[in-house]
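Residues per chain are reported as follows:
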Amino acid sequence: MVSELIFVGLGLSGADGMSVKALKALKECDKIYAEFYTSFLIGTDVSELEEVIGKKIKVLHRMQVEEGEDIINDARTMKVGFVTAGDTMAATTHVDLMIQAKEEGIPTTLFNGVSIFSACPTALGLQPYKFGRTVTLPFIDNGYQPKSPYDNILENKQRGLHTMVLLDIHADEMRYMTGKEAIEWLLTGEEKWGEGLIQEDTLICVASKIGSPDQKLTAGYAKDLLEMDLGEPLFTIVIPGNLHFMEAYSLVYFAGAPESIIEDE
């Protein structure tokens, strides 16, 4: 009896973004599950993945992963694959699934994929070790705007650290917050709390479809960015802290930031 649960990060874009080792392992699976709520895979769909792997894929909603038992039950007697976009273990839901497998004595194997946490900083030419705590911006529902994202970005900035800002997803509508909505969120927060996070000379980086052929990088000042074409979802925002001169050059050359930021360094 074969018993194994294989976790595969598919990377950020396309059915060919996974490693060769991961593809080989999935081809040997008896059953494959997928979860794309945490992040979707740009530039492909499940049918294309199925064609590349040569297996049917059962797509689960997040709650089915968090509360369901199908994956663990199947992995007791089969070789089961579990695939997600990005790097699977970046989400606590998936870490919990691996813990459940360990508690059941089910062998596990992890194939890492390219993650937004590494791809976004390097695409912009920013030094990954200079990033502080990652922040998520939620949609402003029923007029409620929590202050904690504002505070966490401000704390990073005061320490000279960059902040990667992930944008909310409305699961029911599968609606993804846009780059402009994120900038408006920050400007609204500044109007409310006025602690100096977003000023006229505050640089913001907007990354669209990182890792895909349609990747678009834009850096500028908030009000200018609202008038620009920033690309299409998925978006990630970066609020830079103190820039090394090489980081400043990178943002100018890679993302079209104002050349004045080089003179400021």
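Above this note sits the structure.
In this text the structure is predicted, and so the values were computed from the model without any measurement.

Draft legend 1. Region of the structure containing the packing of helix H7 (residues 148–158) against helix H8 (residues 179–193). Running from N to C, H7 and H8 cross one another at 90 degrees; their axes reach a closest spacing of 10 Å. The pairing of H7 with H8 is recorded here as roughly perpendicular in orientation. On H8, the residues touching Pro149, Tyr150 and Ile153 of H7 are Trp185, Leu186, Gly189, Glu190 and Trp193. In terms of residue class, the contact of H7 with H8 is built from six nonpolar, one polar and one charged.

Draft legend 2. Representation of the pattern of salt bridges. Going through the model one piece at a time under the given rule, you end up with eleven salt bridges. When the shortest N-O distance is used, the salt bridge between Glu181 and Arg175 registers 3.6 Å. On the basis of relative accessibility, which here comes to 32%, the residue Arg175 falls in the partly exposed class. Look at the salt bridges and you will find they share partners, linking Glu4, Glu28 and Lys79 into a network.

Draft legend 3. View of the pairing of strand E2 (residues 31–35). The element E2 is largely enclosed, with a buried count of four among its five residues. Note: E2 against strand E4 (residues 79–84), five bridges, orientation parallel. Residue Ile32 lies in a different strand from E4, and its bridge partner there is Gly81. One ladder, built from four bridges, connects E2 with strand E3 (residues 57–60); its direction is parallel. Within E3, the residue paired with Tyr33 across the bridge is Lys58.

Draft legend 4. Broad picture of helix H5 (residues 92–103). Between its terminal C-alpha atoms H5 stretches 16 Å, which fits the 16 Å expected from twelve residues at 1.5 Å a residue. When we look at burial in H5, the residues that qualify are Thr93, His94, Leu97, Met98 and Ala101. Mapping the buried residues of H5 onto a view down its axis gives an arc of 140 degrees, with all of them on the same face. More than 90 degrees from the buried face of H5, the exposed residues found are Thr92, Lys102 and Glu103. Here the buried face of H5 lies against strand E1 (4–9), E2, helix H3 (62–67), helix H4 (70–75), E4 and strand E5 (108–111).

Draft legend 5. Here's a closer look at the state of the cysteines. The full count for this structure, using the stated rule, is zero disulfides. Considering cysteine sulfurs only, Cys120 is the nearest to Cys205, which forms no disulfide, with 8.0 Å between them. For Cys205, a relative accessible area of 0% translates into the label buried.

Draft legend 6. Representation of the environment of Ile53. Position of Ile53 among the secondary structure elements: in helix H2 (residues 46–53). Other than its neighbours up to four places away in sequence, Ile53 contacts Met18, Leu23, Leu26, Lys27 and Ile32.

Draft legend 7. A look at the sheet that holds E2. If you trace the five strands from one edge of the open sheet to the other, you get E3-E2-E4-E1-E5, paired in parallel fashion. Whereas interior strands pair on both sides, the edge strands pair on one side only; in this sheet they are E3 and E5. This sheet shows a mean twist of 20 degrees between the axes of neighbouring strands, independent of strand direction. Together, E2 and E3 form the strand contacts of H2, whose direction differs from that of E3 by roughly 145 degrees. Relative to E1, H5 is tilted by about 160 degrees, and along the sheet it contacts E1, E2, E4 and E5.

Draft legend 8. Summary view of the side chain of Thr163. Its place among the elements puts Thr163 in strand E7 (residues 163–167). Side chain to side chain, Thr163 and Asn156 meet in a polar contact 2.9 Å long. In contact with Thr163, other than residues within four places in its own chain, are Phe131, Arg133, Val135, Ile153, Asn156, Ile237, Val238 and Ile239.

Draft legend 9. Representation of the environment of Met228. Of note, Met228 is situated in the loop between helix H9 (222–225) and strand E12 (235–239). On a C-alpha basis, the gap between Met228 and Phe36 in space is 29 Å, while along the polypeptide they are 192 residues apart. Setting aside residues no more than four positions away along its own chain, Met228 makes contact with Lys180 and Thr218.

Draft legend 10. Expanded view of the sheet that holds strand E10 (residues 203–208). Sheet architecture is open: five strands sit in the order E6-E7-E12-E10-E11, paired in mixed fashion. Sheet topology places strand E6 (135–137) and strand E11 (216–221) at the edges, where each strand pairs with a single neighbour. The mean inter-strand angle of the sheet, taken between neighbouring strand axes irrespective of direction, is 25 degrees. Of the strands in this sheet, E7, E10, E11 and E12 are in contact with helix H6 (residues 116–124), which crosses E7 at around 120 degrees. Strands in contact with H8 are E6, E7, E10 and E12; relative to E12, the strand with the most contacts, it is inclined by about 40 degrees.

About the thresholds
- Residues numbered from 1 in each chain as written.
- Predicted model: local features only at pLDDT ≥ 70, side-chain atom pairs only at ≥ 80, totals over all residues.
- Heavy atoms only, no water.
- Axes fitted to C-alpha atoms, helices over the stretch in contact; angles between N-to-C directions.
- Helix = DSSP H or I, 4+ residues; strand = E, 2+ residues; numbered from the N terminus.
- Parallel < 35°, antiparallel > 145°, perpendicular 65-115°, else oblique.
- Contact = heavy atoms within 4.5 Å.
- Nonpolar A, V, L, I, M, F, W, Y, C, P; charged D, E, K, R; others polar.
- Salt bridge = Lys/Arg side-chain N within 4 Å of Asp/Glu carboxyl O.
- Buried < 20%, exposed > 50% of the residue type's maximum accessible area, 1.4 Å probe, protein only.
- Pairing = 2+ DSSP bridges.
- Expected span 1.5 Å × (residues − 1).
- Arc of directions from axis to C-beta.
- Disulfide = S-S within 2.5 Å.
- Polar contact = N/O pair within 3.5 Å; in protein donor to acceptor, adjacent residues only side chain to side chain.

So, to be careful, I would describe these as geometric facts and stop short of saying anything about function.
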